[in-house]
Amino acid sequence: MSNISFINWDLPEHILDAIVAKGWEQPTEIQREAIPSARLGRDIIGQARTGSGKTAAFGIPILEKTQPTGNPQSIVLCPTRELATQVCNELEWIQGDKGLIILPVYGGTDIEKQAKKLDSGVDVIVGTPGRVIDMTKRKHLNLEGISVLCLDEADRMLDMGFWPDISWIFSNMSNRNQTLLFSATFPQEIIDSTDEFLNNPVTVMSDDLEVEVPEIEQKWIKIGRANKLWGLGRILINMDNSDQCLIFCNTKRMVELLEDRLGKHRFSCATLHGDMSQNKREKVMSGFRDGENKTLIATDVAA
Ligand code: AMP
């Protein structure tokens, strides 16, 4: 464990104050590896998963470099609306009182409203590739003016078929002078197709699985496949009235199957997966946040 603390980095006051107020003391491994080079303007290839602190690893250098001019200077591309929202929220508090306008740009939301916001001045865009292209083609967004491009969860964007869109975005950013590429895995296709767009990148890796949150006690239960439903039922029965439970499944089909099976045992559950409309997804999420739904079964869109 290194003893480097955020204070050693001579970060801008607005960022340091925000981080200190949040109680962060030391950078995570990926932050320690990526932030110093990214602050110097180097391109980065970062291997890191959700939970490693990767958002701040690209967020801090981006927020330091971007100025509140009302012209987009940095863009973060994400595979899902949920991740875009999460990244936006994190960037929003990390910037402290710098006053940057950070806008999420993703599909499933009112396009006219979003266009108006873009027209009225934005400094950082966090968006999904399709909507970003849409806004560029409609001339509400000028990619030529943007100097920093960050790809968050590049492997998921590849899996979701966004690669042609990403290539389009790359080729329409002729004034890009820094690229930050973060991914949990690096399939050959990502390496091959980003090679021409990266300039002598620094490669950084993180083995950190998750930032440790001391208030969270983690347990695992070894159970045969046939007994999983029974095991889950035991956990749900033992929950206190005030407890909530979030169950992650790999597929939408599994979410529905589990809802049905648990429903038959009179456990009422809310569900969340990528095929639901944005509106519905937000309703379910806010129902869960407010404690209205005790149990939520979700694919990793909820993560
Ligand atoms: P991420 O991988 O960016 O989604 O971050 C995972 C979680 O760790 C988020 O809740 C962050 O706010 C938190 N986090 C990130 N960096 C640090 C840090 N250096 N110290 C404490 N918490 C952190």
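Rules of the game
The numbers attached to residues start from 1 for each chain and follow its sequence in the written order. Given that the model is predicted, a residue must reach a pLDDT of at least 70 before its local features are reported, and side-chain atom pairs must reach 80 or more before they are shown or counted; all residues, however, enter totals for whole chains, interfaces and linings. Note that water and hydrogens are dropped before the side-chain values are worked out from all heavy atoms of the structure. Salt bridges are defined by distance alone: a side-chain nitrogen of Lys or Arg within 4 Å of a carboxyl oxygen of Asp or Glu. Runs of E in the DSSP output that reach at least two residues are strands. Runs of H or I that reach at least four are helices, and both are numbered from the N terminus. When accessible area is computed with a 1.4 Å probe and restricted to protein chains, residues below 20% of their type maximum are described as buried, those above 50% as exposed, and intermediate ones as partly exposed. In these notes, a set of buried Ala, Val, Leu, Ile, Met, Phe, Trp, Tyr and Cys residues joined through side-chain atoms within 4.5 Å is what counts as a nonpolar core. Any two residues having at least one pair of non-hydrogen atoms within 4.5 Å are treated as being in contact. One bridge is not enough; two strands pair if DSSP finds at least two bridges between them. Each axis is a line fitted through C-alpha atoms, taken for helices only over the stretch in contact, and angles between the N-to-C directions span 0 to 180 degrees.

Draft legend 1. Quick look at the pattern of salt bridges. Counted according to the given criterion, the structure contains eight salt bridges. With a shortest N-O distance of 2.6 Å, Arg39 and Glu64 are connected by a salt bridge. Of this pair, Arg39 sits in helix H2 (residues 29-39) while Glu64 sits in helix H3 (residues 54-65); the two residues are 25 residues apart in sequence, bridging distant segments of the chain. Residue classification places Arg39 among the partly exposed positions, given a relative accessible area of 28%. A relative accessible area of 24% means that Glu64 is categorised as partly exposed.

Draft legend 2. Focus on the nonpolar core. Ile60, Val126, Leu180 and Phe182 are the most contacted members of the largest nonpolar core, which totals 37 residues. For this core, the elements supplying multiple residues, two or more each, are helix H1 (13-22), H2, H3, helix H4 (81-94), strand E4 (124-127), strand E5 (148-151), strand E6 (178-183) and strand E7 (202-205). If near-sequence neighbours (up to four positions away) are discounted, Val126 is found in contact with Val76, Cys78, Ala84, Val87, Cys88, Leu91, Ile102, Leu103, Pro104 and Val105. Counting residues in hydrophobic clusters, the runner-up holds 31 residues, among them Ile75, Val132, Ile133 and Ile146.

Draft legend 3. Region of the structure containing the sheet that holds strand E9 (residues 270-272). The three strands are arranged E8-E10-E9 in an open sheet whose pairing can be described as parallel. Unpaired on one side and paired on the other, strand E8 (245-248) and E9 mark the two borders of the sheet. Going across the sheet, the axis of each strand differs from the next one's by a mean of 20 degrees, ignoring polarity. Of the pairings in the sheet, the one linking E9 to strand E10 (residues 295-298) comprises three bridges and is parallel in character. Residue pairing in the sheet places Thr271 in a bridge with Ile297 of E10. Across the sheet, helix H11 (residues 252-264) is in contact with E8, E9 and E10; its angle to E10 comes to roughly 150 degrees.

Draft legend 4. Representation of unusual backbone geometry. The backbone of Glu153 shows a phi angle near 55 degrees, a positive value even though the residue is not glycine. Structurally, Glu153 is set in the loop between E5 and helix H7 (154-159). Of note in the backbone geometry, Arg266 takes a positive phi value of approximately 60 degrees without being a glycine. Secondary-structure assignment places Arg266 in the loop between H11 and E9. Note on Arg266: relative accessible area 79%, which makes it exposed.

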